Amino acid sequence: MTGPEVVIVGAGVVGAALAEELSARGWDRITVVDQGELPTPGGSSSHAPGLVFQTNGSKTMTELARYTVEKLVSLDLDGDPCFLQVGGLEVATTPERLAELHRRCGWATSWGLDARVVGPDECVELYPLLDRSKVLGGLHVPTDGLAKAVRAVLAQLRLAESRGVRVLDRTEVLDVLRESLPDGRSRVTGVRTSAGDLTADLVVCCAGIWGPKVAGMVGMSLPLTPLGHQLAWTGPVPSMTGLAQDAGGPECARPIVRHQDADLYYRDRFDAVGIGFYGHDPMPVTVDSILSPEAAPVMPSVLEFTPEDFAPAWAQSQSLLPDLGGAQLAEGINGLFSFTTDDMPLLGPSRDVDGFWVAEAVWVTHSAGVARAVSEWLVDGHCTSFDLHECDVNRFENHQLAPAYVLERSCQNFVEVYDIKHPLEPMVKPRPMRRSPFHARQVELGAYFLEAAGWERPHWYEANSVLLEGRSVPSPDAWAAQHWSPIAAAEAQVTRERVAMYDMTALARLSVAGPAATAFLEHVTTGSVGKSIGAVTYCLLLDEDGGVHSDVTVARLGETHYQVGANGPLDLDALVRRARDFGGHVTVENITAGTCCIGLWGPLAREVLQPLTDFDLSNDNLKYFRGAQFHVGTVPVTALRLSYVGELGWELYTTADQGLTLWDAIWTAGQEHGLIAAGRAAFNSLRLEKGYRSFGTDMTYEHSPWEAGLGFAVRLAKDDFVGRAAAEKRQGDVPRRLTCLTVRGDELGGDGIVLGKEPVFSGDACVGYVTSAAYGYTIGTGIAYAWLPAELASVGTELTIGWFDRRLPATVSAEPLVDPDMKRIRGL
Ligand SMILES: Cc1cc2nc3c(=O)[nH]c(=O)nc-3n(C[C@H](O)[C@H](O)[C@H](O)COP(=O)(O)OP(=O)(O)OC[C@H]3O[C@@H](n4cnc5c(N)ncnc54)[C@H](O)[C@@H]3O)c2cc1C
């Protein structure tokens, strides 16, 4: 017997796939428990129509789907296939949707999927039921298709059983058993079921829509909402008679189809068509109201069909697929499945209960990929095949776990599931949630707010429109011009010419303190942080396999006290977990909410700040990458001489109660020097001109520091640290590089402004993808950072970037584009 004892709660497509993946890695002390009766225990997998469209704006989600397809294609149940690779076709009936399909084709290409935008004739050739006159084009992905979810469950369970896994259906998990740990937390010891207790070292919740109930057994709040979704089937469609079951053909031989303009999707089933609809009002249910398998008329995840909600879908379907006019609607359900607040799954371990894991809010589309990811994470301690930072169940801010937030966001995501969404489009509700102390002043200045981790964050200020006069400003095209203003150009230029203040409150801040603080931070980061008091170190958190887990700035504020500038809740999670090994000699506290930060940057920053303090701000006294604590007027601040925009200046931190006073003091003192408040749009441009990377966009878990251009932040010479051995091996192996491109417009204009995730081509071959992009207002050109094979990353290489149906010329450029000799930022 190998591996720990594992109980998997749920034998849907996720639990079954996980049992298969774990047992394939040699673990065999596994029991899969389901309250329902196999093969259709009654969860979402028991009735899912199984459409698998792999293309997704998230690289990770596309890769999870691609693995799922590869796996299911290789599986059969008694000779019957688990996947019908009929291809996927998303059709456009409006010019906006056609443009969106080009954008989606760009994602697919970026992430390595074979995809093409085809014309209306080819759409009809692929799916003859379409009305040629209604269709403007389509996105065709030949490897998409239909997952046979029930077969996939059984096939994967059988494989798992052949390796010793036990499967108990008709057995409900009633409770998760735990024992207390000395530090006040607990760890799982087993589960209580309707058939008795089972011991377990690990319990993995794959309970689908019941997830919040099972997670609730250990006090874990799982932010998902079960929502009803309409699925109906026609009777025989006259023109499909030859495809009838008794004609002996396959169940489905033509592509699955999406008609997002009307919130619809379709799949053939012999001579009938399945129709899925997202256009009705959201139908949330509470977990406690879901019936048991015994009490449910059909099955627990199936609610009664409400034809009145389906009426628009039926009308729209007959319009796009006129042959349906000759058919009747034969059956329908309102089926339940999980929606989350950000459309991403919930994967990983509970922070508070050792041994309790979740794999929740997973579509059939991503099921085998998720199972592989979670099994690698369980067996190896981390996942090497996929970057999971967008899926980690510990990624949420506290307010994002509020039931009201979860309900509102889940319902809204249902409504918007097929909407065309600009990458910067902010959520409308619930807002505002978090306001920095400067908010009132920002409103007075006409801030255009977007939302970041719940914070209202200015993108630019209308008050600065007066600065536009006489400035040269680019002209993005209509798509790139959304949530953009020429004012951002003026704000960026004034930052380089004079001085600007930026609200940096949304940047996460952690306080790390205690006698072991230095040893702890030396252990978890790649930097030498234990320098003199006042030292600031830019360094990384690595995974065990040497991938970049985050980038942080560590400021030594005292002998045993540090402030860590971090990227968000996952950094807090990583540090809190690792601090446990230091036996109470170090504490990690999230101080973001109680504090605030102004970035004061620009060549005149010292002229603004020096008159407000007795502290000597000269280069000699407070050098670049040093920090100090002093008063600005009456306000105590921690000043760190850092600059993400690449200019002289400081991040000035204080407590939230004094924030407004600090803002007013600086604002007043700055007026004679032409100080402005500037927003995030200018900030992004300035950081890219300076070549500063942003975790999660530019680099993620899958990249090594050297690939990302961050090798300088790794001190391999110091004592052991997390990820060191793997990092050392990866140092000499750099097959790809995060590379700086300058981008030009084409004859259609746009000034070379792209937004991120676009494919990069060398000739006709896709060779990489864009991460961050902006216009460089100082240098007068578009900028895009992109992942490229190392051999194409040399300066001067000519490439193109896919922008909708166009190709924009781009050149690999030496970085940073501004201040390469560091004179500006060092104030020399
Ligand atoms: C109408 C409809 C159409 C859909 N169409 C698609 C599609 O086309 N493509 C796609 O990718 N996805 C689709 N989905 C979504 C997809 O079906 C689900 O996301 C997926 O099946 C969830 O799988 P799961 O294993 O997580 O959950 P489930 O299949 O729900 O399995 C969870 C299992 O846990 C068991 N369980 C729960 N609590 C306990 C307990 N306390 N003790 C023991 N057992 C327990 C349940 O009995 C259940 O069998 C659709 C969903 C619906 C409703």
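Given the structure is predicted, the values throughout are model-derived calculations rather than measurements.

Caption draft 1: Region of the structure containing the packing of aromatic side chains. Taken as a whole and judged by the stated rule, the model has 26 aromatic pairs. Measuring from centroid to centroid gives 6.0 Å for Y265 and Y278, while their planes differ by 50°, and the two rings are tilted. With Y265 in strand β18 (residues 264-269) and Y278 in the loop between β19 (272-277) and β20 (283-284), the pair connects residues that are 13 residues apart, well separated along the chain. Considered together, Y265 and Y278 belong to a single accessibility category, that of buried residues. Among the aromatic residues, those joined into a ring-pair cluster are Y265, Y278, F337, F339, W363, F414 and Y418. Note that R269 overlies the ring of W233, its terminal NZ or CZ placed 3.8 Å from the centroid. The ring of F761 carries R807 above its face, with NZ or CZ at 3.5 Å from the centroid.

Caption draft 2: Highlighting the sheet that holds strand β25 (residues 356-360). The mixed open sheet is built from 6 strands, whose spatial order is β11-β2-β1-β15-β25-β23. On the outer flanks of this sheet lie β11 (166-168) and β23 (346-349), each paired with one strand and no other. In this sheet, neighbouring strand axes are inclined to one another by 20° on average, regardless of whether the strands run parallel or antiparallel. Bridge count for strand β15 (residues 202-205) against β25 is 3 bridges, and the pairing is parallel. Note on β25: the bridge partner recorded for C205 is V358.

Caption draft 3: Structural context of the pairing of strand β37 (residues 649-655). Within β37, 6 of the 7 residues are buried, which leaves it mostly tucked inside the rest of the structure. Here 7 bridges tie strand β34 (residues 595-601) to β37, and the two strands are oriented antiparallel to one another. Counterpart to T595 in the pairing with β37 is T655. Inspection of the sheet shows strand β36 (residues 635-640) paired to β37 by 3 bridges, in the antiparallel sense. Bridge pairing in β37 links L640 to E651.

Caption draft 4: Structural view of the pattern of salt bridges. In total, this model carries 51 salt bridges according to the counting rule given. It is possible to trace a salt-bridge network through shared partners that takes in E20, E21, R25, K71, R163, R372 and E376.

Caption draft 5: Spotlight on the nonpolar core. Core analysis: the largest hydrophobic core is formed by 53 residues, its most contacted members being I8 and L347. Secondary structure elements with two or more residues in this core: β1 (6-9), α1 (13-24), β2 (30-33), α2 (59-73), α5 (149-162), β15, β25 and α8 (367-380). The residues contacting I8, other than those within four sequence positions of it, are G15, L18, A19, L22, I30, T31, V32, V33, V204 and C206.

Rules of the game
Residues numbered from 1 in each chain as written. Predicted model: local features only at pLDDT ≥ 70, side-chain atom pairs only at ≥ 80, totals over all residues. Heavy atoms only, no water. Phe/Tyr/Trp six-rings, centres within 6.5 Å; stacked < 30°, edge-to-face > 60°. Helix = DSSP H or I, 4+ residues; strand = E, 2+ residues; numbered from the N terminus. Buried < 20%, exposed > 50% of the residue type's maximum accessible area, 1.4 Å probe, protein only. Lys NZ or Arg CZ within 6 Å of the ring centre and 35° of its normal. Pairing = 2+ DSSP bridges. Axes fitted to C-alpha atoms, helices over the stretch in contact; angles between N-to-C directions. Salt bridge = Lys/Arg side-chain N within 4 Å of Asp/Glu carboxyl O. Core = buried A, V, L, I, M, F, W, Y, C linked by side-chain atoms within 4.5 Å. Contact = heavy atoms within 4.5 Å.

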